[in-house]
Amino acid sequence: MTDITIDHVTKNFAIDGRSVTAIDDISLKFPSGSFSALIGPSGCGKSTLLRLVADILAPSAGKITIGGTPPDEARRRHEIGFVFQDASLLPWRSVMDNIALPLEIAGGPIGDGPRPETLIRLVGLSGFENAKPAQLSGGMQQRVSIARALVLRPKILLLDEPFGALDEITRQRMNMELLRIWQETGTTAILVTHTIGEAVFMADQVHVLAAHPGRLVTTIDVDLPRPRALAMLQTPAFNHLENAVRAALFGDELKAEPEPAHG
Amino acid sequence: MVGPVVFVVVLLALWKLAVTAFAVPPYIMPPPEAAWTAFLKEADKIGYALFFTLRNAAAGLLVAFVLAIVLAAIFVSSRKVTHAVLPIVIGLRTAPVLAIAPILIMIFGRGIGTAIAVVVIVSFFPIMVNAMKGFSSTRKNALELMHVLGAGWFKTFIKVRLPFALPFIFAGLRSAATSAILSAMLAEWLSGAPGLGTLILDASSYRKTGLLWAAVIVSMIMAYTIYWLTTAVEKRLTAWRN
Ligand SMILES: Nc1ncnc2c1ncn2[C@@H]1O[C@H](COP(=O)(O)OP(=O)(O)O)[C@@H](O)[C@H]1O
Ligand SMILES: [Mg+2]
């Protein structure tokens, strides 16, 4: 059971001596094995929230638990997989060695964790085992970084706009692969995105955030069946959910009349 | 091996040209062939001296390297230690070696100890400064990755900070390595221990200009070879940058 609980968490940063509230009293629950999306304008604290869960940052107030224990314990037990916005691979290591890095740190596989060779096949990089990151496209690098995040069979998987730099088509493919992997591994996943369609397509729950200060607007439950298929993108149910997220993101702006054009 | 060979050929050509063109008298600078004759005649003497100088330079450079990397690693991870120790390190660096030579000789004796100390004092600073720059230039993302993976300080240092810093460390090592031979000879001048430096000094006082210049050339070739070796190792270890 690895649910994630965010309980009245606030995060302040000191910028030039004054305190800026990046996250203002957010409470959220991520059920064990669920797929959740965080969506909101840039600067609303999505990355900060993910970094708090991963124990890269500590909350200014409030409490976070992962499977009932503090994040730093989960981190030390190597239970957290993190996919950064840029792949952040080590440039001197081959694809294989980058994926094996967590194994070197944990001192070997955890339980019956997957072998790097298996993961390379899973993310479709067979034949590139010995390539260096500089020889790969952005999408391939991001796949390496996903494989790396999965190699210790993490209980929770945090993804910070992992496909933000990819084109629409590659992105859609990667998302399908990601869902397949997630379903196979049963990990609790949180995906940060700023694409409405992506959030609805991927998640069981979409949490909509607003900026200045970063706060939770609403949570939208996505009741589309799994496994998700591309055909669902064109269904009324999908559009309905997209509209709900859009309404939460833009609030009253959606109802406002367009400004008359100046002649 | 092409680099050093070209270096020697160009050096000899320039030398011969200069001596002939300006009619330099042999007691100031002999032609290359005189140095060559002296080199052949006293090859064992030069070889013996070279052994000492090279050994001292290499040992000093090794100590300097380890010391510089360890200090740099400590300095980038602790502000307090930096504030306490860095001024001492800089002070040691700026003290003229000539002035502190008697103290060094008193502590380390006239043998390899003083030689290592002098080489360390002269060459560890560029390595340390560059290593500090390298260690603190590690990508933040890579450090966060190691943190999330549950890596401790040591594994983070070995697997991420050190490799990212290698290009910087080599920049420092290159400049240190070239001056290491010179520093080892300086130590011989200060302590009178055997080596190329002492050989040059003796040859000079006995006006054996052929031997003097043979020894000078050997020391220059050594310095260049070390520089070339460092660059070759660097190319291998930091190939990922291209
Ligand atoms: N390390 C930091 N130091 C200071 N301010 C930060 C830091 N990280 C984030 N912030 C601030 O917190 C807010 C939220 O940032 P972030 O979580 O990156 O937003 P998002 O990922 O949603 O775009 C922004 O106003 C940003 O300037
Ligand atoms: Mg962000």
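Residues numbered from 1 in each chain as written. Chains lettered and ligands numbered in written order. Predicted model: local features only at pLDDT ≥ 70, side-chain atom pairs only at ≥ 80, totals over all residues. Heavy atoms only, no water.

A. Structural context of the overall build of chain B. From N to C terminus, chain B includes 10 helices and zero strands. Each helix and strand of chain B, placed in order from N terminus to C terminus, yields the pattern α-α-α-α-α-α-α-α-α-α. Taking the principal axes of its C-alpha atoms as reference, chain B extends roughly 70 × 45 × 30 Å. Within chain B, the proportion of its 242 residues that are buried is 44%. Accessible surface for chain B amounts to roughly 12600 Å². Of this, 74% is attributable to carbon and sulfur atoms. Charge centroids of chain B, computed over 20 positive and 7 negative side chains, lie 14 Å from each other. (Helix = DSSP H or I, 4+ residues; strand = E, 2+ residues; numbered from the N terminus. Buried < 20%, exposed > 50% of the residue type's maximum accessible area, 1.4 Å probe, protein only. Areas by Shrake-Rupley, 256 points an atom, 1.4 Å probe, with all protein chains shown as cover. Lys, Arg positive; Asp, Glu negative; His and termini not counted. Charge placed at Lys NZ, Arg CZ, Asp CG, Glu CD.)

B. Expanded view of the interface of chain B and chain A. Contact residues are listed per partner, giving 18 residues for chain B and 21 residues for chain A. For the pairing of chain B and chain A, the buried interface totals around 1900 Å² over both sides, and the portion due to carbon and sulfur atoms is 66%. Between the two partners, chain B and chain A, sit eight residue pairs in polar contact (both at pLDDT 80 or more). At the level of secondary structure, the elements contributing two or more residues to the side of chain B that touches chain A comprise α7 (140-148) and α8 (153-191) of chain B. Tallied by class, residues from the side of chain B that touches chain A come to 10 nonpolar, three polar and five charged. (Contact = heavy atoms within 4.5 Å. Buried area = accessible area lost by both parts, 1.4 Å probe. Polar contact = N/O pair within 3.5 Å; in protein donor to acceptor, adjacent residues only side chain to side chain. Nonpolar A, V, L, I, M, F, W, Y, C, P; charged D, E, K, R; others polar.)

C. View of the pairing of strand β9 (residues 215-221) of chain A. As paired strands, strand β8 (residues 205-210) of chain A and β9(A) are joined by six bridges and run antiparallel to one another. Within β9(A), the residue paired with Q205(A) across the bridge is D221(A). (Pairing = 2+ DSSP bridges.)

D. Structural view of a nonpolar patch on the surface. All names here are of chain B. On the surface, L62, V66, V70, I74 and V81 cluster together to form a nonpolar patch covering roughly 390 Å² of accessible area. Structurally, I74 is set in helix α3 (residues 43-77). Judged by its relative accessible area of 35%, I74 is partly exposed. (Patch = residues over 30% accessible without salt bridge, like charges linked within 9 Å, V, L, I, M, F, W, Y side chains within 5 Å. Salt bridge = Lys/Arg side-chain N within 4 Å of Asp/Glu carboxyl O.)

E. Examining the sheet that holds strand β4 (residues 61-66) of chain A more closely. All names here are of chain A. In space, the three strands of this open sheet follow the order β2-β1-β4, with antiparallel pairing throughout. At either margin of the open sheet sits one strand with a lone partner, and together these are β2 (18-30) and β4. Averaged over neighbouring strand pairs, the angle between their axes works out to 30° when direction is ignored. Of the pairings in the sheet, the one linking strand β1 (residues 4-15) to β2 comprises nine bridges and is antiparallel in character. Bridged to N12 within β2 is T21. Sitting on the sheet, helix α1 (residues 46-53) touches β1, β2 and β4, and the angle it makes with β1 is about 115°. (Axes fitted to C-alpha atoms, helices over the stretch in contact; angles between N-to-C directions.)

F. Expanded view of helix α5 (residues 97-108) of chain B. With 12 residues, α5(B) ought to run about 16 Å at 1.5 Å a step, yet its terminal C-alpha atoms sit only 14 Å apart, falling short of that. Summarising the contacts, the buried residues of α5(B) are in contact with α6 (112-136) and α8 of chain B. (Expected span 1.5 Å × (residues − 1).)

G. Examining the packing of aromatic side chains more closely. Inspection of the entire model under this criterion finds 13 aromatic pairs over all chains. With 4.9 Å between their ring centres and 85° between their planes, W92(A) and F164(B) make a pair best called edge-to-face. With one member in each of two chains, W92(A) in the loop between β5 (80-83) and α3 (95-106) and F164(B) in helix α8 form a pair that bridges those chains. Residue W92(A) is classed as buried on the basis of its relative accessible area of 18%. Overall, F164(B) belongs to the buried group, its relative accessible area being 9%. Pairing W153(B) with F157(B) gives two aromatic rings, centres 5.3 Å apart and planes at 5°, and the pair type is stacked. (Phe/Tyr/Trp six-rings, centres within 6.5 Å; stacked < 30°, edge-to-face > 60°.)

H. Geometry of the confidence of the model for chain A. Confidence along chain A averages 91 in pLDDT terms, with 97% of residues attaining 70 or more. Helix α6 (residues 168-185) of chain A is the least confidently modelled element of chain A, averaging 86 in pLDDT, while strand β3 (residues 35-39) of chain A averages 97, the highest of any element. (pLDDT = per-residue confidence, 0-100.)

I. Geometry of the environment of E144(B). Structurally, E144(B) is set in helix α7. It is 31 Å that separates the C-alpha atoms of E144(B) and V89(B), two residues lying 55 residues apart in sequence.

J. Representation of the UniProt feature "domain: ABC transporter" (unreviewed entry) in chain A in the model. The feature "domain: ABC transporter" (unreviewed entry), as annotated in UniProt, sits at residues 4-236 of chain A in this numbering. Counting secondary structure, residues 4-236 of chain A comes out at 31% helix and 27% strand; the distance between its end C-alpha atoms is 32 Å. (UniProt positions renumbered as here; feature names shortened; annotations may be inferred.)

K. The site of ligand 1, seen in detail. Residues and elements named next belong to chain A. Taken together, F13, I15, A22, S42, G43, C44, G45, K46, S47 and T48 make up the full set of residues near ligand 1. Between ligand 1 and the protein, one listed contact pairs an oxygen atom with a backbone N or O atom of K46 at 2.9 Å. Within the contact set of ligand 1, an oxygen atom lies 2.7 Å away from a side-chain nitrogen or oxygen of S47. Taken by itself ligand 1 offers 560 Å² of open surface, and the protein chains cover 66% of this. At the level of elements, β1 and α1 are the ones that each hand at least two residues to the shell around ligand 1. Sort the elements by how many residues they give to the shell around ligand 1 and α1 lands first, with three residues. Within the shell around ligand 1, the residues separate by chemical class into four nonpolar, five polar and one charged. (Near = heavy atom within 4 Å.)

L. The nonpolar core, seen in detail. All names here are of chain A. F35, I99, V206 and V245 are the most contacted members of the largest nonpolar core, which has 52 residues in total. Among residues more than four places away in sequence, those in contact with V245 are I39, I196, V200, V206, V208 and I220. The next biggest cluster of nonpolar side chains, apart from the first, holds 41 residues, and it includes I6, A54, W92 and A211. (Core = buried A, V, L, I, M, F, W, Y, C linked by side-chain atoms within 4.5 Å.)

M. Region of the structure containing the side chain of R75(A). Positionally, R75(A) belongs in helix α2 (residues 71-76). If sequence neighbours within four positions are ignored, R75(A) has contacts with A54(A), D55(A), I80(A), H147(B), V148(B), L149(B) and G150(B).

N. Structural view of α6(B). Counted at 1.5 Å a residue, the expected span for α6(B) with its 25 residues is 36 Å, and the 34 Å between its end C-alpha atoms agrees. At S123(B), α6(B) shows its largest kink, close to 40°, and the proline P126(B) lies no more than four residues downstream. (Bend = angle between axes of the 7 residues up to and from the residue.)

O. Spotlight on the sheet that holds strand β6 (residues 156-160) of chain A. Residues and elements named next belong to chain A. The strand order across the open sheet built from six strands is β5-β6-β7-β3-β8-β9, with neighbouring strands paired in mixed fashion. This sheet does not close on itself; its edge strands, each paired only once, are β5 and β9. When the angles between neighbouring strand axes are averaged without regard to direction, this sheet yields 15°. Sheet analysis places β3 next to strand β7 (residues 188-193), joined by five bridges and oriented parallel. In the sheet register, L38 faces β7, and the bridge partner there is V192. Docked against the sheet, α1 engages β3, β5, β6, β7 and β8, running at close to 155° with respect to β6. Strands in contact with α6 are β3, β6 and β7; relative to β3, the strand with the most contacts, it is inclined by about 140°.

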